[in-house]
Amino acid sequence: MTPNRQMPAATNRQLAVRLAVSRALGRTRDLDGVYSAALDTLAECLDVSRASILLFDPDGVMRFKAYRGLSGDYRAAVQGHSPWTPDSVDPEPLLVPDVTCEPSLQPYLPVFARERIEALAFIPLVSLGRVIGKFMLYYHTPHAFDDEEIQLAAVIAAAVAFAVERGRAEDVARRSEASPGFEPGAVSTGAWEWEVSRGADHDERRDGLPSGTLRQMRQCSLEHSRDCMKVLDLD
């Protein structure tokens, strides 16, 4: 596999692709919509009919999230394969103009032959310096990749990585909103627990509360960001 290190100056076509991908991803907020928009943009801008998006799951395995033109048998055979880990630093696109000439892919040649895949591109999805996944481009004949083509793929990958992280954050927010006890505009701060003091100071205080310490959060929320709470010793 050949890493692509040349990054030519932006062209009018690249600027058009940036605009197209921004518009496509901006029209959707959920992750399925992000994946679909990304694959549409890849097909339109790179003239590739088969592509896929794979992301690292919490268990560290890279799995298919969306795809075009790939069989179930193929996905099952290659799922989990990745040239990178989440800790990979400064990953670059990896290009395979002819799969039969790439030693690291020899075990997959029968799978490629059945799927009629003769060339591949691995494009990393990177967020905050971490690899969160990749998208793949597939070709049914050997393919000579040019610099502009790969830079366009990198532009799309950067936008997709941002949209995926945005979608994940919004999913977390929606799950929080759906949880019991959620109050709109409130921010959960954890768990409170009142520990009643033992010993000579167990009598009620003048305000009617038992002497004790507010030592751990059980359930509370803040209505405004300017509000604050203190863990107080109320003995």
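Scroll up to find the structure.
Since this is a predicted model, take the numbers as computed values, not measurements. Note on numbering: residues in each chain are counted from 1, in written sequence order. Residues qualify for local features only when their pLDDT is at least 70, as the model is predicted, and side-chain atom pairs are given and counted only at 80 or more; totals for whole chains, interfaces and linings, by contrast, use all residues. To get the side-chain values, take all heavy atoms of the structure and skip hydrogens and water.

A look at the packing of helix α2 (residues 31-46) against helix α5 (residues 147-178)
Our working rule: Here an angle of 0 to 180 degrees is reported between the N-to-C directions of two axes, which are lines fitted to C-alpha atoms, with helices fitted over the stretch in contact. Helix and strand assignments follow DSSP, with helices taken as H or I runs no shorter than four residues and strands as E runs no shorter than two, numbered in order from the N terminus. An angle below 35 degrees is treated as roughly parallel, one above 145 as roughly antiparallel, one from 65 to 115 as roughly perpendicular, and anything else as oblique. Contact criterion: two residues are considered in contact whenever any of their non-hydrogen atoms come within 4.5 Å of each other. Gly is placed with the polar residues, together with every amino acid not listed as nonpolar (Ala, Val, Leu, Ile, Met, Phe, Trp, Tyr, Cys and Pro) or charged (Asp, Glu, Lys and Arg).
Where α2 contacts α5, the axes come no closer than 9 Å and their chain directions differ by 170°. Viewed along their axes, α2 and α5 adopt a mutual orientation that is roughly antiparallel. Side by side, α2 and α5 meet where Leu 31, Val 34, Tyr 35, Ala 38, Thr 41, Leu 42, Cys 45 and Leu 46 of the first sit next to Glu 149, Leu 152, Ala 153, Ile 156, Val 160, Ala 163, Val 164, Arg 166, Gly 167, Arg 168 and Asp 171 of the second. Considered class by class, the residues forming the contact of α2 with α5 number 13 nonpolar, two polar and four charged.

As for the packing of aromatic side chains
Counted only if it meets this: The aromatic pairing rule takes the rings of Phe, Tyr and Trp, using the six-membered ring of Trp, and pairs them if the centres are within 6.5 Å, calling planes under 30 degrees apart stacked, those over 60 edge-to-face and the rest tilted. Geometrically, a charge over a ring is one whose NZ (Lys) or CZ (Arg) sits within 6 Å of the ring centre while staying within 35 degrees of the ring normal.
Summed over all chains, the structure comprises five aromatic pairs. Relative to Phe 112, the ring of Tyr 74 has its centre 6.3 Å away and its plane inclined at 40°; by these criteria the two rings are tilted. Taken together, the residues Tyr 74 in helix α3 (residues 72-78) and Phe 112 in helix α4 (residues 109-115) connect sequence positions 38 residues apart. Feature note: the residues Tyr 74, Tyr 108, Phe 112 and Tyr 138 constitute an aromatic cluster, connected by ring pairs. Above the face of the Tyr 67 ring, Arg 75 is positioned so that its terminal group lies 3.8 Å from the ring centre.

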